[in-house]
Amino acid sequence: MVAGDARTVLASGEELVSLAGGEGELELIYVKNATGSTIARGKPVMIGAAAAPYSITQGAATAVAEPTTAILGITLFAIPTAKAAWVVKRGIVKALGGGTVSSAGTALMVDSSGEFITAVDGGSAITGDSSKVVCLEAMSDGVLAKVFINA
């Protein structure tokens with residue numbers, strides 16, 4: 001990547017993450033991956049059961065009535081096991097879709113794979129106002145799309 005006169009060379013295994021400019025501030029939180037495996041980019045994370053106070057685990061299906069209450073943030077890039085990194089707690093970030101979400105403004109919940117799908121309660125879609133995570137563009141299964149998180 002070249003920015004002005006500065007040049008950044010990524011080390012082996014590092015990943016360059018681009019965030020679109022002009023989309024507001026990000027609130028980040030520093031966490032440690034306590035899952036035992038890599039957490040992919042765009043996945044929701046929750047507080048883990050490990051002893052460290054900032055340890056996380058990958059998000060998975062939570063209570064339908066309040067589908068995103070346990071989410072602490074969304075990963076900016078893949079986090080290897082036992083490594084620490086910043087995750088987005090509030091702001092616009094790319095998240096991994098677990099199914100097709102066709103409308104911007106749709107509230108999201110987490111499926112059993114730890115990916116985002118349309119939030120439902122008793123078979124009815126939940127409005128964006130009732131969710132911590134709302135899609136800002138159409139989502140597809142296995143594809144990163146812009147969401148707003150307010151965890």
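Scroll up for the structure.
None of the values given here were measured: they were computed from a predicted structure. (Residues numbered from 1 in each chain as written. Predicted model: local features only at pLDDT ≥ 70, side-chain atom pairs only at ≥ 80, totals over all residues. Heavy atoms only, no water.)

1. Focus: the nonpolar core
Ranked by size, the top nonpolar core spans 16 residues in total, and within it Ile-74, Leu-108, Phe-116, Val-133, Met-139 and Val-147 carry the most contacts. Taken together, the elements giving at least two residues each to this core come down to strand 6 (71–75), strand 7 (84–96), strand 8 (108–110), strand 12 (133–135) and strand 13 (144–150). The residues contacting Val-147, other than those within four sequence positions of it, are Ile-74, Gly-91, Ile-92, Val-93, Ala-95, Leu-108, Val-133, Val-134, Cys-135, Leu-136 and Met-139. Counting residues in hydrophobic clusters, the runner-up holds eight residues, among them Ile-39, Val-45, Ile-56 and Ala-85. (Core = buried A, V, L, I, M, F, W, Y, C linked by side-chain atoms within 4.5 Å. Buried < 20%, exposed > 50% of the residue type's maximum accessible area, 1.4 Å probe, protein only. Helix = DSSP H or I, 4+ residues; strand = E, 2+ residues; numbered from the N terminus. Contact = heavy atoms within 4.5 Å.)

2. Quick look at the pattern of salt bridges
Enumeration according to the criterion identifies one salt bridge in this entry. With a closest N to O distance of 3.9 Å, Glu-115 and Lys-43 form a salt bridge. Here the residue Glu-115 occupies a position in the loop between strand 8 and strand 9 (116–118), and Lys-43 occupies one in the loop between strand 3 (27–33) and strand 4 (44–47), the gap between them amounting to 72 residues. What makes Glu-115 buried here is its relative accessible area of 15%. (Salt bridge = Lys/Arg side-chain N within 4 Å of Asp/Glu carboxyl O.)

3. Concerning unusual backbone geometry
A positive phi angle is found at Ala-82, which is not glycine, with a value near 65 degrees. Note on placement: Ala-82 falls in the loop between strand 6 and strand 7. Take Ala-82: its relative accessible area is 49%, and that puts it in the partly exposed class.

4. A word on the packing of aromatic side chains
Geometry of an aromatic ring pair is reported as the spacing of the ring centres plus the angle between the planes. The final tally for this structure, using the stated rule, is one aromatic pair. Between the aromatic rings of Tyr-30 and Trp-86, the centroid separation amounts to 5.0 Å while the plane-to-plane angle is 55 degrees, which identifies the pairing as tilted. Linking Tyr-30 in strand 3 with Trp-86 in strand 7, this pair joins segments that are 56 residues apart in sequence. Given a relative accessible area of 45%, Trp-86 falls into the partly exposed group. (Phe/Tyr/Trp six-rings, centres within 6.5 Å; stacked < 30°, edge-to-face > 60°.)

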